[in-house]
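# Architecture at a glance
Letter by letter, the chains look like this.
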Amino acid sequence: MTKFNDLPLLDTILKNVQEAGYDSPTPIQAQSIPPLCEGRDLLGIAQTGTGKTAAFTLPMLQKLSGRDFSLTPKEPRSLILAPTRELASQIKEQIDKYGKDLKLKSAVIFGGVGQANQVNALRGGLDILIATPGRLLDLMNQGFCKLNRVEIFVLDEADRMLDMGFIHDIKKVIAQLPEKKQTMLFSATMPNEIVGIANRILKNPVRVEVTPPSSTVERIDQRVIFCQKAHKYQLLRKVLQDEGVELTLVFTRTKHGANKIVDYLNAHQIKASAIHGNKSQSAREAALENFKSGAIKVLIATDIAARGIDVQGVSHVVNFDMPVDAESYVHRIGRTARAGKDGDAISFCDETEREALSRVQKLIGLKLPVETFVGVAEKSVQDTRPPRPYRDPRAKPKAKPDQRQNSKPNAPVGQKAQPQPKKEDKSKVGYKFRNKK
Ligand code: AMP
């Protein structure tokens, strides 16, 4: 088995890797690092959890620190494109860790936050720029960043970029890169459009393919619980209480669904937060930090927000909704059983989700054990809020205040109002067990 010492890496980098606590390189690292150190292009078919970030960052650090180079303002020496802010931040963290004492300058830029600090970092010159595509193009268009000096280009999680609609942005970025450079492309899957991009940007690449799903999947105790949709909230609470969970990541299909679960759990004295695209960057970071530190044991996430999240110690993944595409299942459950540990993945499957389950089972080549849960229908606070009254924007004049006080929304003026739950009562409404009729 290859050891880190067998790889052609600088002593400082080896020391940093050792300090990170890694004994031996993962397969993608062992196969990628030598050709990358020689300057070859690389096509890496691998997903998060395989150690792919170190596979490309270690040779980058090696190459960039290898020669004296005076930095030019606004013109970074290398570029890593990542689909999400979370992934971009995690890559930056890893670069800081592996690149300690190498005196290389790196910065991360992404949208959703002010641009001033990012512009300053670019002005100071950078060895490594990590960026999400939208903000990068924005800053390029404003003249704060030029890519004509990029020596190394990494396109990370290319298939996810495609899913998120970044394909045109990526093509625009690629068009600005110089012809002569080293290029690496990482993708968990290879849809046709990514094959097209790979053919265009990679020159005689080394192809490294690792298949963590099976090895990861094998270490995860997976099961499915059939239940009615309306019983899922109660089931989640039961799972969280029964299973002796440490950190649990709960996946939902929609942002709204994630918020509803947070409200429901909080109303039942279970601390939870959500991360999804509608949350501000600072709220997402705070939620992730609280989860990492264990201050919050339950994090609710949508697929895109959770992509690339690397938190040690996630004991359980709960699929509150079955994922629409089967590959997301593998990505989701891969958040547990990190770093050689075991984990549990529990999927709630209602009658409308059986087909999604079949697709998952076909992809992973396993028939998952199934249990059935019969509970009661409970609701999130958000479901129990009275509907907002409809107001026709053209209707005028408005009812006078004294008439409105006594009237129910949408009821004829003057009709006696039914008592509405008071605002302060919202949390209590959430506790009530309601039998679905
Ligand atoms: P990645 O696939 O790059 O997202 O990495 C997944 C996780 O594996 C991260 O927490 C890394 O810190 C960790 N990791 C990377 N390389 C190694 C290694 N050689 N041994 C153990 N853990 C590693």
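## Here's the deal with the nonpolar core
Core analysis: the biggest nonpolar cluster contains 60 residues, and Leu81, Ile128, Ile130 and Ala131 have the highest contact counts within it. Apart from the residues within four sequence positions on either side, Ile130 is in contact with Ile80, Ala82, Ala88, Ile91, Lys92, Ser106 and Val108. One finds Ile275, Leu288, Phe348 and Ala356 within the second-largest nonpolar core, a separate group that totals 41 residues.

## Section: the packing of helix α6 (residues 133-141) against helix α8 (residues 167-175)
For any two helices packed against each other, one specifies the inter-axial angle together with the distance between the axes. Here α6 crosses α8 at 45 degrees, and the two axes come no closer than 9 Å. In terms of orientation, α6 and α8 fall into the oblique class. As for how α6 packs across α8, the hand of that crossing is left-handed. Here α6 contributes Pro133, Gly134, Leu136 and Leu137 to the contact with α8, which in turn contributes Asp169, Ile170, Lys172 and Val173. Residue composition of the contact of α6 with α8, grouped by class: five nonpolar, one polar and two charged.

## Quick word on the pairing of strand β10 (residues 272-275)
Side chains Ala272 and Ala274 of β10 all project onto a buried face; the interleaved residues Ser273 and Ile275 project onto the opposite face, where all are buried too. Where β10 lies against strand β11 (residues 298-301), four bridges are found, and the strand directions are parallel. When the sheet's bridge partners are listed, Ala274 is paired in β11 with Ile300. The β-α-β motif built from β10, the intervening helix α13 (residues 281-293) and the parallel element β11 has right-handed crossover chirality.

## Focus on the site of the ligand
As a structural note, the neighbourhood of the ligand is formed by 13 residues, with Tyr22, Thr48, Gly51, Thr53 and Ala54 the closest of them. Per-element accounting of the shell around the ligand gives the leading share, three residues, to helix α3 (residues 52-65). Residue composition of the shell around the ligand, grouped by class: four nonpolar, seven polar and two charged.

## A closer look at the sheet that holds strand β13 (residues 343-349)
Ordered by their spatial adjacency, seven strands build an open sheet running β10-β11-β9-β12-β13-β8-β14, and the pairing between neighbours is parallel. Each edge of the sheet is formed by a strand with only one pairing partner; in this case those strands are β10 and β14 (370-372). When strand polarity is set aside, the average angle formed by the axes of neighbouring strands in this sheet is 25 degrees. Both strand β8 (residues 220-226) and β13 contribute to a ladder of seven bridges, which runs parallel. Within the sheet, the bridge partner assigned to Asp221 lies in β13 and is Asp344.

What counts, and at which threshold
Residues numbered from 1 in each chain as written. Predicted model: local features only at pLDDT ≥ 70, side-chain atom pairs only at ≥ 80, totals over all residues. Core = buried A, V, L, I, M, F, W, Y, C linked by C-beta atoms within 7 Å. Buried ≥ 20, exposed ≤ 12 C-beta atoms within 10 Å, placed from the backbone. Contact = placed C-beta atoms within 7 Å. Axes fitted to C-alpha atoms, helices over the stretch in contact; angles between N-to-C directions. Helix = DSSP H or I, 4+ residues; strand = E, 2+ residues; numbered from the N terminus. Parallel < 35°, antiparallel > 145°, perpendicular 65-115°, else oblique. Left-handed = near helix turned anticlockwise from the far one by under 90°. Nonpolar A, V, L, I, M, F, W, Y, C, P; charged D, E, K, R; others polar. Pairing = 2+ DSSP bridges. Right-handed = clockwise from strand over helix to strand, strands pointing away. Near = placed C-beta within 6 Å.

Functional significance is not addressed by these values, which are geometric in nature.
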